[in-house]
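Close look at the chain arrangement
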Amino acid sequence: MWQKYYNVTTVEEAKMLLAEYGKQARIVVGATDLMIEIEKGVRKDIFALIDISRAPELDNIIMDEDEIIHLGPTVTHNQCASSKILQERAFPLAYASWQVGAPQIRNRGSIAGNIITASPANDTISPLMALDAKIKLVSSQGERIVSLSDFYSGVRKTVMRPDEILVDIFFPAMKSNQRGSFQKLGLRKAQAISLVNAAVILTFNDDQVVNINQSVIKEATITLGSVAPTIIHAKVAEKYLIGKKLDKEVIETVANFARQAAAPIDDVRGSADYRSEMVRVSVLRGLKSISEGKERESLPIEPVMLWEKNNKKDNHALAESDQHENGSMIRTKINGELYEFNSGHNKNLLRLLREEAGLIGTKEGCAEGECGACTIFLDGQAVMSCLVPAPRAHNAEIVTIEGIASEGVLSPLQQAFIDDGAVQCGYCTPGFIMSATKLLEEKPNPTRDEIKQAITGNLCRCTGYYKIIEAIEHASKM
């Protein structure tokens with residue numbers, strides 16, 4: 001585990017700390033991947049974590065006067081998925097962001113982190129590369145711009161130096177004569193790592209596309225993830241599309257060309273042959289959705305986020321930086337009460353709550369962000385506490401399952417779980433109730449689909465999902 005933890009308020013502070021610690025330091029926003037790697041002993045050389053998640057003005061999504069979209073370094077997947085700018089002008093990225101993990105993961109995990117982790121299975125890299133994204137890296141030595149296509153040197157390898165911090169992700173907004181799609185295939189519908197993903201962006205000759213199937217393609221980009229050491233372009237397929245109209249024969253031919261571009265491996269999640277065939281299927285589906293004008297149908301206009309209304313990280317920005325090490329104070333508010341801890345600085349937040357605070361209602365199931373039993377509210381957002389470093393709690397507001405009841409009286413949702421037999425063995429119940437509580441704050445009258453969206457990050461081993469869904473529905477009517 002880390003020895004020192006810094007909550008910083010500026011990029012300048014982060015740069016200074018990186019210059020001091022070099023390879024022994026990591027910048028963190030969500031730390032959702034890094035926490036698992038640390039827990040499993042994969043990252044043993046980390047001495048300091050530098051948390052920029054509460055630095056003000058770093059989570060902006062803007063489009064400048066040249067119609068270049070900029071994402072700040074702390075922008076999360078949920079912020080991308082809900083961004084009207086991205087939904088309208090960079091749809092493949094918005095949809096890919098919504099496909100990442102579960103709401104609790106998307107509330108913490110950042111786009112910058114997804115880029116830097118450099119797994120070829122990461123969902124947002126394919127659409128970003130299709131959008132011709134670039135990143136700005138800064139250090140105490142200066143700054144440089146790197147095209148995302150030049151950023152990767154192998155599996156989980158990049159050209160980023162240990163003293164650099166990513167401060168901007170930018171790309172041209174899609175124009176009125178462009179259409180794009182994103183397809184992902186996993187072993188299950190949610191909380192799945194991509195077996196294959198594919199982003200497609202087509203540019204048509206017409207300034208305003210009236211009839212997709214009658215418009216000639218001027219330019220095409222097809223990027224494939226999880227089928228090579230890095231994200232790749234299906235270059236032959238891209239070239240073939242130029243000058244064509246998007247009919248059935250063209251779509252099938254392009255899908256076959258894309259299959260030939262893939263160079264996957266056999267592993268426990270799927271064979272190389274299966275992955276290659278799924279490349280064909282994914283590209284075919286992506287092109288077909290564009291030709292039918294249905295590429296946007298899978299992303300709700302108002303996706304379930306599990307966060308507070310008027311969400312903005314600056315609402316919880318730090319007034320000043322702080323440092324934590326053995327014996328230093330973590331001061332936080334839990335369920336409305338002030339807590340102070342002189343230990344636990346190198347634990348995850350789940351263990352701080354259970355072991356230091358004695359609040360054992362929050363459960364540890366998988367310790368990998370898969371089961372949702374550890375769901376809490378951190379500064380108004382539902383998160384998986386097993387993936388949050390404990391010092392992130394300093395000067396934060398936390399709500400656990402113990403804070404849902406009021407003066408010993410169960411909330412209507414808790415009572416509905418009992419009345420409808422949704423408790424089952426009870427181990428997963430706290431996580432479900434936390435997710436559903438935040439859902440009902442966000443959407444007081446949710447549809448069944450919205451309920452399912454909200455609980456995708458919660459696992460019930462007793463398979464009591466229909467009882468749980470019914471309980472949430474009943475609670476919404478109370």
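Since the model is a prediction, treat every value here as computed from it, not as a measurement.

**Some points on the side chain of Glu442**
Of note, Glu442 is situated in helix H15 (residues 429-442). For Glu442, the side chain forms a polar contact with the main-chain nitrogen of Met305, separated by 2.9 Å. With residues up to four places along the chain from it excluded, the contact list for Glu442 reads Pro303, Val304, Met305, Leu306, Trp307 and Lys309.

**Details of the packing of aromatic side chains**
The full count for this structure, using the stated rule, is 10 aromatic pairs. For the ring pair Phe91 and Tyr95, a centre distance of 5.9 Å and an interplane angle of 5° mean the geometry is stacked. Placement of both Phe91 and Tyr95 in helix H5 (residues 91-98) is noted, with a separation of four residues, approximately one turn of the helix. Its relative accessible area of 11% is what places Tyr95 among the buried residues. With centroids separated by 5.1 Å and ring planes inclined at 80°, the aromatic side chains of Phe151 and Tyr152 adopt a geometry described as edge-to-face. Tyr152 carries the same exposure label as Phe151, and that label is buried. Following the ring pairs from residue to residue traces out a cluster consisting of Phe91, Tyr95, Trp98 and Phe182. Positioned above the aromatic ring of Phe377, the side-chain terminus of Lys438 is 4.4 Å from the ring centre.

**Some points on unusual backbone geometry**
Phi at Ser226 takes a positive value of approximately 70°, unusual for a residue other than glycine. Here Ser226 lies in the loop between strand E13 (217-225) and strand E14 (232-233).

**Let's talk about the pattern of salt bridges**
A side chain with one charge may pair with a side chain of the opposite charge, provided their charged atoms come close. Taken as a whole and assessed by the stated rule, the structure comprises 26 salt bridges. Arg280 is the partner of Glu277 in a salt bridge, and the nearest nitrogen-oxygen pair spans 2.7 Å. Note that Glu277 and Arg280 are positioned in helix H12 (residues 272-291) at a spacing of three residues, about one turn of the helix. With a closest N to O distance of 3.0 Å, Lys347 and Glu356 form a salt bridge. By sharing partners, the salt bridges in this structure join Arg144, Arg161, Asp163 and Glu164 into a single network.

Cut-offs and rules
Residues numbered from 1 in each chain as written. Predicted model: local features only at pLDDT ≥ 70, side-chain atom pairs only at ≥ 80, totals over all residues. Heavy atoms only, no water. Helix = DSSP H or I, 4+ residues; strand = E, 2+ residues; numbered from the N terminus. Polar contact = N/O pair within 3.5 Å; in protein donor to acceptor, adjacent residues only side chain to side chain. Contact = heavy atoms within 4.5 Å. Phe/Tyr/Trp six-rings, centres within 6.5 Å; stacked < 30°, edge-to-face > 60°. Buried < 20%, exposed > 50% of the residue type's maximum accessible area, 1.4 Å probe, protein only. Lys NZ or Arg CZ within 6 Å of the ring centre and 35° of its normal. Salt bridge = Lys/Arg side-chain N within 4 Å of Asp/Glu carboxyl O.

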